[in-house]
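Descriptive analysis of the structure
Here is what each chain is made of, one letter per residue.
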Amino acid sequence: DLGVRVVYLSHHLLVKCTFVYYDLYISLEEICQMNKSTFSMASGGQGLDGPPGSAHQNTNRLSMERSPYLLQHAHNPVDWFPWGQEAFNKAKKEDKPIFLSVGYSTCHWCHVMERESFEDIEIGRILSDNFVCIKVDREERPDVDKVYMTFVQATSGGGGWPMSVWLTPDLQPFIGGTYFPPRDTGHRPGLKTILLRIIEQWQNNRASLESSGQRVIEALKKGTAIAASPGVGPPLAPEVAHRCFQQLAHSYEEEYGGFRDAPKFPTPVNLIFLISFWATNRSTSEGAEALRMALHTMRMMALGGIHDHVAQGFHRYSTDSSWHVPHFEKMLYDQAQLAVAYITAYQVSGEQLFADVARDVLLYVSRDLSDKSGGFYSAEDADSLPTMASTEKKEGAFCVWTAGEIRDLLPEPVEGATGGATRADIFMHHYGVKEQGNVEPEQDPHGELQGQNVLIVRYSAELTATRFGLSVEKTKEELAAARERLAEVRRGRPSPHLDTKMISSWNGLMLSGFARVGAVLGDQALVERAEQAAKFLQDHLWDEAKQVILHSCYRGDEMEVEQIASPIAGFLDDYAFVVCGLLDLYEATLDTRWLSWAEELQLKQDQFFWDSQGGGYFCSDPTDPTLLLVLKQDQDGAEPSANSVSAMNLLRLSQYTGRQEWARRSEQLLAAFSDRLVKVPIALPEMVRSLMAQHYTLKQVSLLYIPQRLLCIHSDGDTDGFLYQRLPVLATLRPLEGSATAYVCQNFTCALPVTCPEELRRLLLE
């Protein structure tokens, strides 16, 4: 959701070939002169009338879906179809172009476009009578989203959601963009104008539209191909890692951390790479700089408004450079990755702040994004009603405060405080609350935050204590009590929309978060929550009969877990992220049933998605005839590329199972992405970590943080168990004199046994 980013197609495409497109902008005078009799405007499409006695004037097919995003559009005056054969058949039978609209339920500008355009009766009639209208939840069908987003980015130079694409009945795109206002504003064409012009072009210049679209797709098929060159292996890890560090350092913002001025995204993949780079370059100035960049960024994020100081968790991104005013939606995948990033920072620094933030994130997820089945919900919206009496939602309404509210809620004088200061005085000073509000106008283009305050830590507890003549301990107690009072009040406000869709891939990421944090902190409750998540995945998102992962399931009206009539088969992300989560859970519990299931899922992933000719994994089923592009994700973005995660999964599994073909497959995968890794490693920092793991090799023990180098194998003497069957070498290892004994092994060759922790530490650090 990239904000008001209107995309117009002009005469150039950002692909290797240049094609001519019809510019969509036309003047209002020209529209008035157009022969409107060519446009069907008489009536709404089929399926738009609500049932007798319905509270809704319109109801369409989306009312039968389970996706929260599709249900948000179930009462538009638009004849929406979900993605599927029914819509494709209608387009072919009636020879109509398809209007494809893609978004997700917590997308702010998706809400805006629905309110402005899809609830508009006139626009609804134009759409329903002249197009087959398909609505797609990008989180439910990431395969469809990736194909058409690739087209939009190539033809416009930008992308985002809502995504609007027009297709032929054969699903070939010919025009695309993102958000469009409903009607012309200044030099910007509105959706109505665009629709009328497309209808005209479809009638009068259809052959040109179709041929142009076909040429774009053919160019994209060539331009997006990723394959290893014959006889070429992975690039040299130290050189690639060094270049990745340099590219990140070049984009690093010194004052507040992060990797651009604004908007700023958390980018956990960058932070974890920097820590890994430090771990293998500890004695160098660049290694020290990498660690400083990562830790400073995480401190600034933890103090900023992007971090919810009242109800925990992190918002999606910051609209300014100081991490102050966020886009308020909260995504599960952000919480998962940030929990891992912060606990990793704690491991290397020992700084309690990082452990506290990791716990804080998991507290939010446990309370607000957890289903009783053990699964995790997808997201929490940015928009909500300011009060129970309000009729219009505003962004951030659930999270912001006026100075008057703070004073009314925290009026108690604090004993011993200078000048008779109240709890409100201390809280407002510490969190930067201002009487007129602390949001600058440029961060609030729609005036939704006028007079409001986004909490941001402006002073350390020590400085706030000094300012009010209190002890640090007393100051922390007062701030904690104030936060709890505000949290209580927030629970009484109208809640933002909660997307209760449960997605395998994101649940896999969150599984890793609970397992990793629980293991590092020795918190059994967190590890048990990870086990509940793994059981949920087995019970609700694993089809035992078909032996496939399912992509998603849903919370039903009675709070039970529901599945749609035709469940969506899992994509590459689902397999890769769940396998990673299971490996992390095994390392936290040493329970081999999770390792066994990870092995089983990896075999399925190889069967469904491996490119036996070019190496690497396809993002989705390469045999699906409805997908025009067969893609391999080549960027670690808001989520890591599944190929990046798979490269490490394969290495870890090769060590745990003795399957050396998986180590070779990891090398083949890295070789396929060699060109990208060499030229722009900043695009794939997680994959660079996997390349480093190939270079430095894995050691088969795990007791402290040495990234890419440690695996934990618990040899319990059960010669019939999973590990002994996979790794015969374990039968040769014996404890010394009945003591706990560690063997440090590399490439299945073990050093002499040790029973002394300091000796083990020395071996691991060698």
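Use the structure listed above.
What comes next is a walk through the structure. All of these numbers come straight from a predicted model, not from anything done at the bench.

So, the packing of aromatic side chains
- Per the counting criterion, the structure on display carries 25 aromatic pairs.
- Ring centres of Trp166 and Phe180 lie 6.2 Å apart, and the angle between their planes is 55 degrees; this geometry places the pair in the tilted category. Placement of Trp166 in strand β4 (residues 163–167) and of Phe180 in the loop between β5 (173–177) and α7 (191–204) is noted, with a sequence separation of 14 residues between them. Neither residue differs from the other here; Trp166 and Phe180 are each classed as buried.
- Measuring from centroid to centroid gives 6.1 Å for Phe608 and Phe609, while their planes differ by 80 degrees, and the two rings are edge-to-face.
- Through pairs of rings, three or more aromatic residues link up here, namely Trp80, Phe99, Phe118, Trp166 and Phe180.
- Of note, Arg138 hangs over the ring of Trp161, and the distance from its end group to the ring centre comes to 3.9 Å.

Quick look at the environment of Ser552
- Here Ser552 lies in strand β16 (residues 552–555).
- On the basis of relative accessible area, Ser552 is assigned to the buried category, the value being 1%.
- On a C-alpha basis, the gap between Ser552 and Pro567 in space is 7.7 Å, while along the polypeptide they are 15 residues apart.
- Side-chain polar atoms of Ser552 contact the side chain of Tyr554, separated by 3.1 Å.

Observations regarding helix α15 (residues 423–430)
- With six of eight residues buried, α15 is to be regarded as a mostly interior element.
- All of the buried residues along α15 are Arg423, Ala424, Ile426, Phe427, Met428 and His430.
- Contact partners of the buried residues in α15: α14 (403–409), α16 (461–467) and α17 (472–490).
- A positive phi of about 65 degrees marks Gly432, the residue just after α15.

Quick notes on the packing of helix α12 (residues 332–349) against helix α18 (residues 504–521)
- The geometry of α12 relative to α18 is characterised by a closest axis approach of 8 Å and an angle of 25 degrees between their N-to-C directions. It follows from the interaxial angle that α12 and α18 lie roughly parallel. Where α12 crosses over α18, the two elements pack in a sense that is left-handed. On α18, the residues touching Leu332, Tyr333, Gln335, Ala336, Ala339, Val340, Ile343, Thr344, Tyr346 and Gln347 of α12 are Trp506, Asn507, Leu509, Met510, Ser512, Gly513, Arg516, Val517, Val520 and Leu521.
- For the contact of α12 with α18, the per-class residue count stands at 13 nonpolar, six polar and one charged.

Examining unusual backbone geometry
- That bond from Trp161 to Pro162 is cis: its omega, 5 degrees, falls within 30 degrees of zero.
- Residue position: Pro162 is located in the loop between α6 (142–156) and β4.
- Along the chain, Ala262 connects to Pro263 via a cis peptide bond; the corresponding omega equals -5 degrees.
- Its location among the elements puts Pro263 in the loop between α9 (237–251) and α10 (268–280).
- For Asp95, which is not a glycine, the phi torsion comes out positive at approximately 55 degrees.
- Here Asp95 is to be found in the loop between α3 (85–94) and β2 (98–103).

Describing the state of the cysteines
- Within this structure, the stated rule accounts for one disulfide.
- The disulfide partner of Cys107 is Cys110, and the S-S distance across this bridge is 2.3 Å. For the disulfide bridge between Cys107 and Cys110, the dihedral angle about the S-S bond is near 80 degrees, and by the sign convention the bridge is right-handed. With respect to burial, Cys107 and Cys110 carry one shared label: buried.

Brief notes about the pairing of β5
- Of all five residues in β5, five are buried, a share of seventy percent or more.
- By the bridge criterion, four bridges tie β4 to β5 in an arrangement that is antiparallel. Across the sheet, the residue bridging to Leu167 is Pro173, located in β5.
- The hairpin formed by β4 and β5 contains five residues between the paired strands, and Leu171 there has a positive phi angle of roughly 75 degrees.

Structural notes on α6
- The terminal C-alpha atoms of α6, which comprises 15 residues, lie 20 Å apart, in line with the 21 Å expected from a rise of 1.5 Å per residue.
- Counting buried residues in α6 gives 13 out of 15 residues, a clear majority hidden from the surface.
- Just downstream of α6, Gly157 is the residue with a positive phi angle, here 80 degrees.

Details of the pattern of salt bridges
- Under the definition given, this model contains 47 salt bridges.
- Where Asp95 meets Arg206, a salt bridge forms, and the shortest distance between an N and an O atom there is 2.7 Å. Of the two residues, Asp95 sits in the loop between α3 and β2 while Arg206 sits in helix α8 (residues 206–223), which places them 111 residues apart along the sequence.
- A salt bridge links Glu531 to Arg593; the shortest N-O distance between them is 3.7 Å. Note that Glu531 is positioned in helix α19 (residues 524–540) and Arg593 in helix α21 (residues 592–609), a separation of 62 residues in sequence.
- Salt bridges sharing partners connect three or more residues here, namely Asp120, Glu122, Arg183 and Lys192.

The rules we used
Residues numbered from 1 in each chain as written. Predicted model: local features only at pLDDT ≥ 70, side-chain atom pairs only at ≥ 80, totals over all residues. Heavy atoms only, no water. Phe/Tyr/Trp six-rings, centres within 6.5 Å; stacked < 30°, edge-to-face > 60°. Helix = DSSP H or I, 4+ residues; strand = E, 2+ residues; numbered from the N terminus. Buried < 20%, exposed > 50% of the residue type's maximum accessible area, 1.4 Å probe, protein only. Lys NZ or Arg CZ within 6 Å of the ring centre and 35° of its normal. Polar contact = N/O pair within 3.5 Å; in protein donor to acceptor, adjacent residues only side chain to side chain. Contact = heavy atoms within 4.5 Å. Axes fitted to C-alpha atoms, helices over the stretch in contact; angles between N-to-C directions. Parallel < 35°, antiparallel > 145°, perpendicular 65-115°, else oblique. Left-handed = near helix turned anticlockwise from the far one by under 90°. Nonpolar A, V, L, I, M, F, W, Y, C, P; charged D, E, K, R; others polar. Disulfide = S-S within 2.5 Å. Pairing = 2+ DSSP bridges. Expected span 1.5 Å × (residues − 1). Salt bridge = Lys/Arg side-chain N within 4 Å of Asp/Glu carboxyl O.

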